[in-house]
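# Coordinate analysis (summary)
Chain residues, written in single-letter form:
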Amino acid sequence: MDKNMQEKFTQIVKFEPPLYKQRYQFVKDLVEKYKPKKVADLGCADCSLLWMLKFCSCIEVLAGLDICANKMKEKMHTLSPLPVDYLQPSERSLTVTLHHGSVAHKDPCMLGFDLVTCIELIEHLEESELKKFPEVVFGFMAPSIIVISTPNSEFNTLLPGVKLYRHPDHKFEWSQAQFQSWALETARCYDYSVEFTGVGHPPTGMEKIGFCTQIGVFLRKYPQTGESVQSERPTEAVYKTVFKAVYPSLKDEKYLQNAVIREVIFTAEIIKHRFMSKRAECSDDPERKPKSQPPVDSFSDYLGKLVIEKNMEPFVSGNEVYIPLTTIFCFPKVKRLCGTLEKLCKLIAGKVTLSSDGSAVMFNIEHENE
């Protein structure tokens, strides 16, 4: 490359968004495409990628591994559930675990993952660790998808201040040909296919230099059999767990019950309010019939249809107003939470005031009448 041209490009290369965000977005896009349920990030460092992935609704298990426990501990609190997660539990389950250990060692806690990410990891490995890496990740862990990113050394001439490697801890940095040679041989040995791409486009006219970060996406060709997993399973764990968080989920009966109770009371209160308002209007004007009234809003319109079509109208007896559970159950969110009317009755039993036969939510309106 002409020296003057090189100096010109060195001054203008700037990535927007920053390169690390482009790498994370690449992984997120891959998750949205393949919908993995279990994802492990090897070399997770400060847990930034894990934090981004915890918001992906398809993921139910997240695991991070790093050789530096202190690096993980600095930011692992960001992976803990927030108060809002308890107030509004998700419909999916989510468990996040961080492990301290080396990618050169096998541990059974890393089996069964759908996607394994190695973002800017391999260039930090010693030669002996790099030799063991394929057998651990491709042979032992054997996920359906593996993503490996690493610096493209050919791009370094365009980066200000880079003389040999981009980071003092890097043990090597590969050219496009070196990375692709290693990736293709690894894929061949372990029955994977591999596609090459990257993030951080080179300047116009210098496309041959390639992406600043080169990426290999490996897809396993054949399903892993239970026998092969069992035969490779170590007898002892070698990683140390430094963090674990189990998020509240509606799959947990305790959180589901709380959510159902809140929704039933909320829905019943609104139905009661609409019913009592219409009843008061009819009392003030006996000639005015409820059926001729235009709906106040979509909720009233929906309630009106239920009453007409299913004969599930609320009713008053003495100082109590009764809202049939069959009416409450017909509302979409309640039905989605419970699934069946029987499940609804079971979840609110003893937690919500019901009629003597348990068929309706009961409110005392003695003070309201005053």
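Quick notes on the rules
Residues numbered from 1 in each chain as written. Predicted model: local features only at pLDDT ≥ 70, side-chain atom pairs only at ≥ 80, totals over all residues. Heavy atoms only, no water. Helix = DSSP H or I, 4+ residues; strand = E, 2+ residues; numbered from the N terminus. Buried < 20%, exposed > 50% of the residue type's maximum accessible area, 1.4 Å probe, protein only. Core = buried A, V, L, I, M, F, W, Y, C linked by side-chain atoms within 4.5 Å. Contact = heavy atoms within 4.5 Å. Phe/Tyr/Trp six-rings, centres within 6.5 Å; stacked < 30°, edge-to-face > 60°. Lys NZ or Arg CZ within 6 Å of the ring centre and 35° of its normal. Pairing = 2+ DSSP bridges. Axes fitted to C-alpha atoms, helices over the stretch in contact; angles between N-to-C directions.

### With respect to the side chain of Ser102
In this structure, Ser102 sits in the loop between β3 (95–100) and β4 (115–119). The exposure class assigned to Ser102 is buried, which follows from its relative accessible area of 9%.

### Points about the nonpolar core
Val31, Leu53, Ile59, Leu98, Val147, Phe155 and Phe243 are the most contacted members of the largest nonpolar core, which has 41 residues in total. Looking at this core, the elements that each hand over two or more residues are α2 (19–34), α3 (48–53), β3, β4, β5 (145–151), β7 (213–220) and β8 (240–246). Here this core takes six residues from α2, the largest share from any one element. Residues contacting Leu98, with those up to four places away along its chain left out, are Cys44, Cys47, Leu50, Gly64, Met72, Met76, Leu79, Lys240, Thr241, Val242 and Phe243. Of all hydrophobic cores here, the second largest spans 32 residues; its members include Phe113, Ile122, Met141 and Phe218.

### Here we look at the packing of aromatic side chains
All chains considered together, the criterion is met by 14 aromatic pairs. Ring geometry for Phe315 against Tyr322: centres 4.9 Å apart, planes inclined by 15°, an arrangement best described as stacked. Through pairs of rings, three or more aromatic residues link up here, namely Phe133, Phe172, Trp174, Phe179, Trp182 and Phe196. Lying across the ring of Phe113, Lys38 places its NZ or CZ 5.2 Å from the centre. Directly above the aromatic system of Phe363 lies the positively charged group of Lys272, at a separation of 4.9 Å from the ring centroid.

### Examining the sheet that holds strand β6 (residues 192–199)
Judged by pairing direction, the sheet is mixed, and its eight strands sit side by side in the order β6-β7-β5-β4-β1-β2-β3-β8 without closing on themselves. The two strands at the open ends of the sheet, each matched to only one other strand, are β6 and β8. Averaged over neighbouring strand pairs, the angle between their axes works out to 15° when direction is ignored. The pairing of β5 with β7 spans seven bridges and is antiparallel. Bridge pairing links Ser149 to Ile215 in β7. Contacting β4, β5, β6 and β7, α2 runs over the sheet at an angle of about 20° to β7. Of the strands in this sheet, β1 (38–42), β4, β5, β6 and β7 touch helix α6 (residues 127–141), which is tilted by about 160° from β5.

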